[in-house]
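# Inside the fold
Here is how the chains run, residue by residue.
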2 protein chains.
Amino acid sequence: FNFGGIRSLQQPLLSKKMNRVIKSENSAAAAHESAGRQRIAIGEQVSDWGETTEDEAVSDISDKLGVLLAEMGEEEDAFAQNLDEYRTVLKHIRDTEGSVQPTRDQRAKISDEIQRVKLKDPNSHKIGTLEQELVRAEAQNLVAEAQLVNVTRQRFKEAYSIHLAAVIERSEKQALLAHHGRRLLNCIDDTSVVPGDEARAYMHGAEAKRIIEQAEQDIRSWRIQMEPV
Amino acid sequence: FNFGGIRSLQQPLLSKKMNRVIKSENSAAAAHESAGRQRIAIGEQVSDWGETTEDEAVSDISDKLGVLLAEMGEEEDAFAQNLDEYRTVLKHIRDTEGSVQPTRDQRAKISDEIQRVKLKDPNSHKIGTLEQELVRAEAQNLVAEAQLVNVTRQRFKEAYSIHLAAVIERSEKQALLAHHGRRLLNCIDDTSVVPGDEARAYMHGAEAKRIIEQAEQDIRSWRIQMEPV
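No experiment lies behind these values; they were computed from the predicted model shown. (Residues numbered from 1 in each chain as written. Chains lettered and ligands numbered in written order. Predicted model: local features only at pLDDT ≥ 70, side-chain atom pairs only at ≥ 80, totals over all residues. Heavy atoms only, no water.)

## Remarks on the packing of helix 4 (residues 126-185) of chain B against helix 5 (residues 205-221) of chain B
All names here are of chain B. The following threshold applies: Orientation is described by lines fitted to C-alpha atoms, with helices fitted over the stretch in contact, and by angles between N-to-C directions that extend from 0 to 180 degrees. Each helix corresponds to a stretch of at least 4 residues labelled H or I by DSSP, and each strand to a stretch of at least 2 residues labelled E; elements are numbered beginning at the N terminus. Small angles under 35 degrees read as roughly parallel and large ones over 145 as roughly antiparallel, with 65 to 115 read as roughly perpendicular and the rest as oblique. Note on definitions: a residue-residue contact is assigned when non-hydrogen atoms from the two residues lie within 4.5 Å. Any residue that is not Ala, Val, Leu, Ile, Met, Phe, Trp, Tyr, Cys, Pro, Asp, Glu, Lys or Arg is counted as polar, Gly included; the first ten are nonpolar and the last four charged.
At a closest axis distance of 10 Å, the pairing of helix 4 and helix 5 adopts a crossing angle of 170 degrees. Between helix 4 and helix 5, the angle falls in the class roughly antiparallel. Packed against helix 4, whose contacting residues are Lys173, Leu176, Leu177, His180, Arg183 and Leu184, the element helix 5 presents Ala208, Ile211, Ile212, Gln214, Ala215, Asp218 and Ile219 at the interface. In the contact of helix 4 with helix 5, the residues fall into 8 nonpolar, 2 polar and 3 charged.

Shown next as structure tokens:
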């Protein structure tokens, strides 16, 4: 075994930090996915509960609200999928960072070797060869560093452009659904009844239907508007 | 032991269904809380990574973007807290549902008893007493049913008013932060460099600073605008 073996297994600092971001985003995406699935289930459960109340108003509105909640869940789930796409772009940065480090190491190693040989024998015939090697290593490293700058800047912008567009899409669609949801709630007349009152007729069925149709149409016709990146 | 003991442990169907909603919302809130905490951590990690790139533009923008991401995480966490508040209101419905069932059972039990006694002995002196008991049980149940209708409608509206307002607050604030985030990204010049180019001066520091200040101010001055419920 040799000590170099362990060291080469370690990720360079730079790609290690990006790797941490990628891993945390994986957990965040999983949390959003779980929240989305729960929200879809809750939509059904609320509708199911409302039916059992045998109160026409509550039954109708809880059923329609359930549809809006389930749709919010679908948006949450779509957001989690978009986070995966963004993570893929971050991986390009991490991989490039990982590939630049060896060119830095190689350059430093030849440079060190030249110093070592010069100290031992300033006239050594090895020095010429090593200096040629150093020029080649420097050129290779120079290309790698330019690639790193380009990939980092371009992919960073691309990654967060995807991420932030996904935040905007989820947010605006969920807010839109929530605004319609509040209009739905107002279709329930909650002025108090007294014991023995006849069941109050439910008058807002047609209005509730229009609200839910409007919500569907708004989601379908929604288009993202944002600063181009 | 007796068989009735088991039955009385079971929740009536109605409160059981609401209880399922309450439990699912607990999981959903936990998922949003976890997503929020991850997002706050990612904000720091992105800033930390950017510093290591030693690219002035990437370092500055990733640091400022990290601030926006962390703020999105704070909003996600506040949303999870609001879900807890809404769950508390749903519990009032569940508890009322649970307390109405015994009055229904009591009424049905006395009614059955009258039928049983009448079949056995139509002139039984017990019938008069049982009929008085039935009138009392009916009155009690009538009050309970009116309470159930009132609590269900009022608390249902209250609960989802809180829930939907929380969705709107989280969504609109996160969208606002994301829009500013996209403006930040445009402060990075990502036109390609060639090997050996001198490091390009970072020209957009002042602009990035203005964007982040504007984002802070927009969050502070944000007010909810929505359909009153």
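## Details of the interface of chain A and chain B
The extent of an interface is frequently quoted as the accessible surface area lost upon association of the parts. Our working rule: Each of two parts loses accessible area, computed with a 1.4 Å probe, when they are put together; buried area is these two losses added. We count a salt bridge whenever a side-chain nitrogen from Lys or Arg sits within 4 Å of a carboxyl oxygen from Asp or Glu. Here a polar contact is taken to be a pair of N or O atoms separated by no more than 3.5 Å, where protein atoms must pair a possible hydrogen donor with a possible acceptor and residues adjacent in sequence count only if both atoms sit in side chains.
Counting from both sides, the interface comprises 78 residues of chain A and, opposite them, 78 residues of chain B. Of all residues in chain A, A:Trp49, A:Arg153 and A:Arg182 give up the largest surface area on contact with chain B, accounting jointly for 13% of the area buried on that side. Note that A:Arg20 is salt-bridged to B:Asp48, the shortest N-O span being 2.8 Å. Inspection of the chain A/chain B interface yields 35 residue pairs in polar contact (both at pLDDT 80 or more). Secondary structure elements with two or more residues in the side of chain A that touches chain B: helix 2 (13-52), helix 3 (56-120) and helix 4 (126-185) of chain A. A per-class count over the side of chain A that touches chain B returns 37 nonpolar, 23 polar and 18 charged.

## Here's the deal with the UniProt feature "coiled-coil region" (unreviewed entry) in chain A
Short version of the rule: UniProt positions are given in the numbering used here, feature names are shortened, and annotations may be inferred rather than shown by experiment.
What UniProt calls "coiled-coil region" (unreviewed entry) maps, in this numbering, to residues 127-154 of chain A. Annotated as 100% helix and 0% strand, the span residues 127-154 of chain A places its first and last C-alpha atoms 40 Å apart.

## As for the relation of the copies chain A and chain B
What counts, and what does not: Least-squares superposition of the copies uses the C-alpha atoms of those residues scoring a pLDDT of at least 70 in each of them.
Superposition record for chain A on chain B: RMSD 0.1 Å, screw rotation 180 degrees, translation along axis 0.0 Å. These values place the two chain copies in the arrangement generated by a two-fold rotation axis. When each C-alpha of chain A is compared by its distance to the rotation axis, A:Ser171 comes out closest, at 2.1 Å. Counting the interface residues of chain A, we find that 100% of their copies in chain B are interface residues as well, pointing to one common contact surface.

## Here we look at the side chain of B:Asp60
Residue and element names in this part refer to chain B. Selection rule: For every residue, the accessible area (1.4 Å probe, protein chains only) is compared with the maximum for its type, and the residue is labelled buried under 20%, exposed over 50%, or partly exposed between those bounds.
Locating Asp60 in the fold gives a position in helix 3 (residues 56-120). Accessibility expressed as a relative area gives 18% for Asp60, which makes it buried. For Asp60, the side chain forms a polar contact with the side chain of Lys64, separated by 2.8 Å. Within the structure, Asp60 has its side chain in polar contact with the side chain of Tyr202 (distance 2.6 Å). Filtering out sequence-adjacent residues up to four positions away, Asp60 remains in contact with Tyr202, Gly205 and Ala208.

## A short note on the packing of aromatic side chains
Which entries qualify depends on this criterion: Two rings from Phe, Tyr or Trp (for Trp, the six-membered ring) form a pair when their centres are within 6.5 Å of each other. A pair whose planes differ by under 30 degrees is stacked, one over 60 is edge-to-face, and the rest are tilted.
Per the stated rule, a full pass over the model turns up 6 aromatic pairs over all chains. Pairing A:Tyr86 with A:Tyr160 gives two aromatic rings, centres 5.1 Å apart and planes at 70 degrees, and the pair type is edge-to-face. One end of the pair, A:Tyr86, is in helix 3; the other, A:Tyr160, is in helix 4, and 74 residues separate them in sequence. Taken individually, A:Tyr86 and A:Tyr160 each receive the classification buried, so the pair is uniform in this respect. When the ring of A:Phe156 is compared with that of A:Tyr160, the centres are 5.1 Å apart and the planes differ by 50 degrees; the resulting orientation is tilted. On the criterion of helical spacing, the pair formed by A:Phe156 and A:Tyr160 is a turn pair, its members being 4 residues apart in helix 4. The residues A:Phe156 and A:Tyr160 share a single accessibility class, namely buried. Three or more aromatic residues link up through ring pairs in this structure, and these residues are A:Trp49, B:Tyr86, B:Phe156 and B:Tyr160.

## As for the side chain of B:His163
Tracing the chain through its elements places B:His163 in helix 4. Taking relative accessible area as the criterion, B:His163 reaches 1% and is therefore assigned buried. Apart from the residues within four sequence positions on either side, B:His163 is in contact with A:Arg39, A:Leu69, B:Glu25, B:Leu83 and B:Tyr86.

## Details of the pattern of salt bridges
For the coordinates displayed, the defined rule picks out 38 salt bridges over all chains. Residues A:Glu213 and A:Lys209 are paired through a salt bridge, measuring 3.2 Å at the closest nitrogen-oxygen approach. A residue pair is termed a helical-turn pair when its members lie 3 or 4 positions apart in one helix, as A:Glu213 and A:Lys209 do in helix 5 (residues 205-221) at 4 residues. Exposure remark for A:Glu213: the relative accessible area of 39% places this residue in the partly exposed category. A relative accessible area of 47% places A:Lys209 in the partly exposed class. One salt-bridge network, in which partners are shared between bridges, spans A:Glu76, A:Arg170, B:Glu76 and B:Arg170.

## Observations concerning the layout of surface pockets
The line we're drawing: Buriedness for pockets is judged along seven lines, at least five of which must meet protein on both sides within 12 Å for an open set on the 1 Å grid over protein atoms alone, while cavities are sets there where a 1.4 Å probe fits but cannot get out, and lining residues have an atom within 4 Å of a point. Grid points are joined across faces, edges and corners, and a volume is the space filled by probe spheres set on the points.
Looking at the second largest pocket, its volume works out to about 730 Å³. As for the second largest pocket, its lining consists of 34 residues, of which A:Glu54, A:Asp55, A:Ala199, B:Val149 and B:Arg153 are closest to the centre. Elements that contribute at least two residues to the lining of the second largest pocket include exactly helix 3 of chain A together with helix 2 (13-52), helix 3 and helix 4 of chain B. Broken down by element, the lining of the second largest pocket gets its largest block of residues, 7 residues, from helix 4 of chain B. Along the lines of polarity and charge, the residues of the lining of the second largest pocket split into 17 nonpolar, 6 polar and 11 charged.

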